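Each chain is listed here by its residues.
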Amino acid sequence: MLNSTPAREREHRLALNEVLSDLLSDGLISSQQREHLLFAAQQRKLRDEHPLLIVAEQNWMCASTPPAVLGIERLTRWLADRCGLPYVRIDPLKVDVSAVTSVVSYAYASRFKILPIEVSDDAVTVATAEPYIREWKRELSDLLRLKFVRVIANPASVDRYLDEFYAVSRSIDGAGLRDASRISPIGNLEQLVELGRTGEVDADDQHIVRIVDWLLQYAFDQRASDIHLEPRRDRSNIRFRIDGVLHLVHQIPTPILSAVVSRTKALGRMDVVERRRPQDGRIKTKAPSGNEVELRLSTMPTTFGEKLVMRIFDPDVLMKNFTELGFSTRDEGQWREMVSQSHGIIVVTGPTGSGKTTTLYSTLKFLARPELNICTIEDPIELVDPQFNQMPVQPNIGLSFATGVRTLLRQDPDIIMVGEIRDRETADTAIQAALTGHLVLSTLHTNDAPSSITRLLDLGVPPYLIKASLLGVVAQRLVRTLCPHCKTPVALEPDEWTALTAPLRIRPPKEVFSAVGCDECRHTGYRGRTSIFEIMRINDSLRAHVVPNADGARIRALAIAQGMRPLRIGGAQKVQAGLTTAAEVFSVADDDGGTRPSSSDRDSPG
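Report follows, based on the coordinates. On a predicted model such as this, the values are computed, not experimentally measured, just so you know. (Residues numbered from 1 in each chain as written. Predicted model: local features only at pLDDT ≥ 70, side-chain atom pairs only at ≥ 80, totals over all residues. Heavy atoms only, no water.)

**Here's the deal with helix H2 (residues 31-44)**
Inference 1: Helix length check: H2 (14 residues) gives 20 Å between terminal C-alpha atoms against 20 Å at 1.5 Å per residue, within 8%.
Inference 2: The complete set of buried residues in H2 reads Arg-34, Leu-37 and Ala-41. In a view along the axis of H2, the buried residues occupy a sector of 75 degrees, so they form one face of it. Along H2, the residues that are exposed and aim more than 90 degrees away from the buried face are Gln-32, His-36, Phe-39, Gln-42 and Gln-43. (Helix = DSSP H or I, 4+ residues; strand = E, 2+ residues; numbered from the N terminus. Expected span 1.5 Å × (residues − 1). Buried < 20%, exposed > 50% of the residue type's maximum accessible area, 1.4 Å probe, protein only. Arc of directions from axis to C-beta.)

So this is what it looks like as structure tokens:
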């Protein structure tokens, strides 16, 4: 162990020469690499940069089995092992920022390059990348009468979160103390109505501006699809939805959250004063990568204040090719054939957040050509694209889906996308557009593809119009994909596979994969999501069953007999390919082929 050497017991910062010598003695680098980097560092005078970061920049391959790049996390693990200290990969979503920043001041933490990451009644866990500086531990233990546990973390993460955590904490404290005498907690709905007439934190305060900026950048960095600002009696919640699962990010005083909501509403060009009625808005900004990102805002009055949800629309997420969407080769062929028709209506169905919009936008992008006029009517427009002519629904001026479709028909369209069929009037106008020589794409909310026929009948659409216009229906769901860094092969359970693939028979794979959990996936076992599909092509046999009071179960059985693969079969293919687990598929596909919403099936982009 490194710290068993007396010379190493002295207080000192890690030096590049020291780190390179230890790497050489452990057989991870060669003497030539050591000498080369020492010479290069001397020329560049890299004295303030942490030695692990300097070594990581070289992208050296270490002589391990299998060979691996000496990246910063691998080097940090190596350092932790050598020093006999635990290794931790800092997950900011699991850090109580208010608690950890109250342990020591920013000046003190910055001086010793330490970052508290967990606080309990009698102990504090502190992350550092300097294992041989222990003065702070003795001082704080004597002063605070707490046990301090040292862990080793990536030096870049320590520096980054040291600045971020204390900056947001200072902003929250600054906003709260600026006019503390005027702040009163929101206790009930009556006080919410009168809030605009009482004193509160100023939404234009620079502290609030910094909190909002940090919140948005933080969400982009964490791959969040939604940001939830939820007011409570005293301390309100900020939560992110990542891969379909909500994570508590931070808790702040309710008056501060109210100011954050007001600031966000102002950015979204919403009525800041109006807090009694729900409002919608949108913000266009940039992610840390430089890509433009749109956010759709929705407010709702609650007992303790306005709740705000921001749905994040990243163009890179909304615009995918068919393989990236999750289509199998067979499904992609069927989908391409359907959308290549010159006229007719195609319906994509599924619950809110199942990826319908992503499928439609990606399809329109695939179909877009200079010689085509593609028009959309949406509520709201979720992604502005210069190749489409997009019109938003505006109920306040009488512009509904049905009115919008009638307007689009006078715009010489080739392809029309109707955001959602909600009522008889919209269904009638969309089908009339399909019958008059246009390709129409739209969405419905049903459990499976065959149910779309009975849903249209329930809306009052005559059976003969459905027979004449409907080309096909695609039902889809989102399932979480296994983390590639930690998924582990396991033996297949025959009964589980039989249940998953019924009523069809699909040859079982030799092995499947299980979710384990690691630092890369926040110990969930999953990272990212993909779609599973159920594609029902409309043929003469199915048209014969489109009658008043049609039997949905009979239509479904006939569709399966004629080649439709249920959602579970699409999920089984993903399990077979090692992309997800049977449990994840079961969570979104019921025994009867329908679905039950799960954490993977809500509030996703699209």
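**Considering the packing of aromatic side chains**
Inference 1: The full count for this structure, using the stated rule, is eleven aromatic pairs.
Inference 2: Judged by centre distance (6.4 Å) and plane angle (80 degrees), the rings of Trp-136 and Phe-148 are edge-to-face. With Trp-136 in helix H7 (residues 135-144) and Phe-148 in strand S5 (residues 147-152), the pair connects residues that are twelve residues apart, well separated along the chain. There is no split in this pair, since Trp-136 and Phe-148 are both buried.
Inference 3: Look at Phe-322 and Phe-327: their rings are 5.7 Å apart centre to centre, the planes differ by 85 degrees, and that puts the pair in the edge-to-face class. A single burial state applies to Phe-322 and to Phe-327, both of which are buried.
Inference 4: Each residue in the set Phe-322, Phe-327, Trp-335, Phe-366 and Phe-533 is aromatic and connected to the rest through ring pairs, giving one cluster. (Phe/Tyr/Trp six-rings, centres within 6.5 Å; stacked < 30°, edge-to-face > 60°.)

**Concerning the layout of surface pockets**
Inference 1: Taken as a whole, the largest pocket encloses approximately 1,000 Å³ of empty space.
Inference 2: Along its surface, the largest pocket is lined by 35 residues, and Asp-280, Arg-296, Asp-379, Pro-380 and Glu-382 are the ones closest to its centre.
Inference 3: Of all the secondary-structure elements, those providing two or more residues to the lining of the largest pocket are strand S6 (226-230), strand S9 (280-286), strand S10 (292-302), strand S11 (305-313) and helix H15 (356-367).
Inference 4: For the lining of the largest pocket, the class distribution of residues is eleven nonpolar, twelve polar and twelve charged. (1 Å grid on protein atoms, 1.4 Å probe; cavity = no way out; pocket = protein on both sides within 12 Å on 5 of 7 lines; lining within 4 Å. Points joined across faces, edges and corners; volume = space filled by probe spheres on them. Nonpolar A, V, L, I, M, F, W, Y, C, P; charged D, E, K, R; others polar.)

**Details of the sheet that holds S11**
Inference 1: One open sheet accounts for six strands, arranged S8-S7-S6-S11-S10-S9; its pairing is antiparallel. The open sheet is flanked by strand S8 (245-253) and S9, the only strands paired with a single partner. Put simply, the sheet's adjacent strands are angled 20 degrees from each other on average, direction ignored.
Inference 2: Across nine bridges, S10 lies against S11 in antiparallel orientation. Looking at S11, one finds that Thr-299 is bridged to Leu-308.
Inference 3: The strands touched by helix H11 (residues 254-267) within the sheet are S6, strand S7 (235-242), S8, S9, S10 and S11, with S8 carrying the most contacts at an inclination of about 115 degrees. (Pairing = 2+ DSSP bridges. Axes fitted to C-alpha atoms, helices over the stretch in contact; angles between N-to-C directions. Contact = heavy atoms within 4.5 Å.)

**Here's the deal with the nonpolar core**
Inference 1: Core analysis: the biggest nonpolar cluster contains 61 residues, and Leu-229 and Phe-240 have the highest contact counts within it.
Inference 2: Counting residues per element, this core draws most heavily on helix H10 (residues 206-221), at nine residues.
Inference 3: Discounting residues that sit within four places of it in the chain, Leu-229 has contacts with Leu-215, Asn-237, Ile-238, Leu-257, Val-260, Val-261, Glu-306, Lys-307, Leu-308 and Met-310.
Inference 4: One finds Val-418, Val-440, Leu-444 and Ile-466 within the second-largest nonpolar core, a separate group that totals 40 residues. (Core = buried A, V, L, I, M, F, W, Y, C linked by side-chain atoms within 4.5 Å.)

**Some words on the pattern of salt bridges**
Inference 1: Per the stated rule, a full pass over the model turns up 34 salt bridges.
Inference 2: For Arg-282, the salt bridge is made with Glu-294, and the minimal N-O distance between the two is 2.6 Å. One end of the pair, Arg-282, is in strand S9; the other, Glu-294, is in strand S10, with twelve residues separating them in the sequence.
Inference 3: The partly exposed category is assigned to Arg-282, whose relative accessible area is 22%.
Inference 4: Residue class for Glu-294 comes out buried when judged on its relative accessible area of 6%. (Salt bridge = Lys/Arg side-chain N within 4 Å of Asp/Glu carboxyl O.)

**Some details on the sheet that holds strand S17 (residues 470-482)**
Sheet strands associate in pairs through backbone hydrogen bonding, adopting either a parallel or an antiparallel arrangement.
Inference 1: An order of S14-S13-S15-S16-S12-S17-S20 is seen for the seven strands of this open sheet, with the pairing classed as mixed. Strand pairing shows two members of the sheet lacking a second neighbour, strand S14 (389-392) and strand S20 (526-537), which therefore form its edges. Strand-to-strand, the axes of this sheet are offset by a mean angle of 20 degrees, without reference to chain direction.
Inference 2: Relative to strand S15 (residues 415-418), strand S13 (residues 374-378) runs parallel, the two being bridged by four bridges. The residue bridging Ile-377 from the neighbouring strand is Val-418, located in S15.
Inference 3: In this fold H15 packs onto strand S12 (344-349), S13, S14, S15, strand S16 (439-444), S17 and S20, with an angle of close to 170 degrees to the strand it touches most, S16.

**Examining the environment of Ile-421**
Inference 1: Within the secondary structure, Ile-421 is located in the loop between S15 and helix H17 (424-435).
Inference 2: Looking at Ile-421, the relative accessible area reads 3%, which means it is buried.
Inference 3: A sequence separation of 20 residues divides Ile-421 from Phe-401, and the C-alpha atoms of the two residues are 7.9 Å apart.
Inference 4: Residues in contact with Ile-421, not counting those within four places in the same chain, are Ile-345, Thr-426, Ala-427, Ala-430, Ser-442, Thr-443, Leu-444 and Leu-459.

**Side note on the packing of helix H14 (residues 329-339) against H15**
Inference 1: Where H14 contacts H15, the two axes come as close as 11 Å, and the packing angle between them is 65 degrees. In the packing of H14 onto H15, the handedness of the crossing is right-handed. Residues Trp-335, Arg-336 and Val-339 of H14 lie in contact with H15, whose contacting residues are Thr-359, Thr-363, Phe-366 and Leu-367.
Inference 2: A per-class count over the contact of H14 with H15 returns four nonpolar, two polar and one charged. (Left-handed = near helix turned anticlockwise from the far one by under 90°.)

**A word on the packing of helix H1 (residues 16-25) against helix H4 (residues 72-83)**
The description of two packed helices rests on the angle between their axes and on the distance between the axes.
Inference 1: H4 packs onto H1 with a crossing angle of 85 degrees between their chain directions and a minimal axis gap of 12 Å. Here H1 lies roughly perpendicular to H4, going by the angle between them. Along its contact with H1, which presents Val-19, Asp-22, Leu-23 and Ser-25, the element H4 presents Leu-75, Trp-78 and Arg-82.
Inference 2: Here the contact of H1 with H4 is built from residues that sort into four nonpolar, one polar and two charged. (Parallel < 35°, antiparallel > 145°, perpendicular 65-115°, else oblique.)

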